[in-house]
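What follows is the residue order along each chain.
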Amino acid sequence: MTHTGEYVASGAFWQPWPPSPPGTGTGNTGAMTHDREALQASWNQTRDHLDAARAHLTRLPDIDLSATLSLLEHNEPGLAFDCLVDLGDDLDLPLSFWQHLDRAAREMRLYSDTLHRPHLTAADFCCRHLAAASEQE
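Calculation rules
- Residue positions are given per chain, counting from 1 as you read along its sequence in written order.
- Selection of residues for local features in this predicted model requires a pLDDT of at least 70, selection of side-chain atom pairs for listing and counting requires 80 or more, and totals for whole chains, interfaces and linings are taken over all residues.
- Based on all heavy atoms of the structure, the side-chain values leave hydrogens and waters out of the count.
- The convention used is that axes are lines fitted to C-alpha atoms, helices contributing only their stretch in contact, and that angles between N-to-C directions extend from 0 to 180 degrees.
- Segments assigned H or I by DSSP are reported as helices when at least four residues long, segments assigned E as strands when at least two residues long, and all are numbered from the N terminus.
- Working definition: roughly parallel below 35 degrees, roughly antiparallel above 145 degrees, roughly perpendicular at 65 to 115 degrees, and oblique for all remaining angles.
- In this scheme the crossing of two helices becomes right-handed for a clockwise turn of the near helix relative to the far one and left-handed for an anticlockwise turn of less than a right angle.
- Contact between two residues is taken to exist if any of their heavy atoms lie within 4.5 Å; hydrogens are not considered.
- Basically, the charged four are Asp, Glu, Lys and Arg, the nonpolar ten are Ala, Val, Leu, Ile, Met, Phe, Trp, Tyr, Cys and Pro, and anything else, Gly included, counts as polar.
- Grouping buried Ala, Val, Leu, Ile, Met, Phe, Trp, Tyr and Cys residues that are joined through side-chain atoms within 4.5 Å yields what is termed a nonpolar core.
- Only protein chains enter the area calculation, which uses a 1.4 Å probe; residues under 20% of their type maximum are buried, those over 50% are exposed, and those in between are partly exposed.
- pLDDT is defined as a per-residue confidence score from the predictor, taking values between 0 and 100.
- One less than the number of residues in a helix, times 1.5 Å, gives the span that helix is expected to have.
- Here the arc refers to the set of directions running from the helix axis out to each C-beta atom.
- In summary, the pairing rule links any two rings of Phe, Tyr or Trp, Trp by its six-membered ring, whose centres are within 6.5 Å, and it sorts them by plane angle into stacked for under 30 degrees, edge-to-face for over 60 and tilted for everything else.

### Here's the deal with the packing of helix α3 (residues 77-88) against helix α5 (residues 122-136)
Then, in step 1: For the pair α3 and α5, interaxial distance at closest approach is 9 Å and the crossing angle is 45°. In terms of orientation, α3 and α5 fall into the oblique class. When you trace α3 past α5, the crossing you get is left-handed. Note on element contacts: α5 touches α3 through Ala122, Ala123, Phe125 and Cys126, opposite Phe81, Asp82 and Val85.

Printed below as a string of structure tokens:
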């Protein structure tokens, strides 16, 4: 056992030294509960926007939404977002389709500084389609 300052090496992990007595924690469970509730609300909001965008595609012939549905069922909203953007990329969809995807992207914080990314992402394509659809209306 290696002891350095306030931490001790125990196997492959560093643990606080001296160890906390059993039953003690951070004492901030109210903040954790609030954070968990906020996270769940964000997930619900994201799912609502993805479902609303998906609804635009359900009416179209020859569109297979099974992969998107499976991703949503397995709590993979980012990948479901990518699928929806890919499916909608070549279609002439209304502004509301792209607005729902834009809101989902914002909720998931998919937009970032393009200076740090040399490639385009599904969120970038969503922004382009949103701008184009906005100009048409």
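### A look at the packing of helix α2 (residues 66-73) against α3
Then, in step 1: Running from amino to carboxyl end, α2 crosses α3 at an angle of 160°, the nearest separation of the two axes being 8 Å. Put simply, α2 runs roughly antiparallel to α3. The interaxial crossing formed by α2 with α3 has left-handed handedness. Along the contact surface, α2 presents Thr68, Leu71 and Leu72, while α3 presents Leu79, Ala80, Cys83, Leu84 and Leu87.
Then, in step 2: Residue composition of the contact of α2 with α3, grouped by class: seven nonpolar, one polar and no charged.

### Brief notes about the nonpolar core
Then, in step 1: Of all hydrophobic cores here, the largest spans 22 residues; its most connected members are Leu50, Phe81, Leu84, Val85, Phe97, Trp98 and Leu101.
Then, in step 2: Beyond its immediate chain neighbours, meaning those up to four positions away, Val85 contacts Trp98, Leu101, Ala122, Phe125 and Cys126.

### Quick word on the confidence of the model for the protein chain
Then, in step 1: Per-residue confidence for the protein chain gives a mean pLDDT of 79, with 70% of residues at or over 70.
Then, in step 2: Highest mean pLDDT in the protein chain belongs to α2 (95); lowest belongs to strand β1 (residues 2-4) (47).

### Examining α3
Then, in step 1: Between its terminal C-alpha atoms α3 stretches 16 Å, which fits the 16 Å expected from twelve residues at 1.5 Å a residue.
Then, in step 2: Along α3, the positions that sit buried rather than exposed are Ala80, Phe81, Leu84, Val85 and Gly88. The arc enclosing the buried residues of α3, seen along the axis, measures out at 135°, which places them on a common side.

### Details of the packing of aromatic side chains
Then, in step 1: Taken as a whole, this structure holds one aromatic pair when the rule is applied.
Then, in step 2: Seen from their ring centres, Phe97 and Trp98 are 4.8 Å apart, and the 90° between their planes marks the pair as edge-to-face.
Then, in step 3: Classification of Phe97 as buried rests on a relative accessible area of 0%.
Then, in step 4: Residue class for Trp98 comes out buried when judged on its relative accessible area of 2%.

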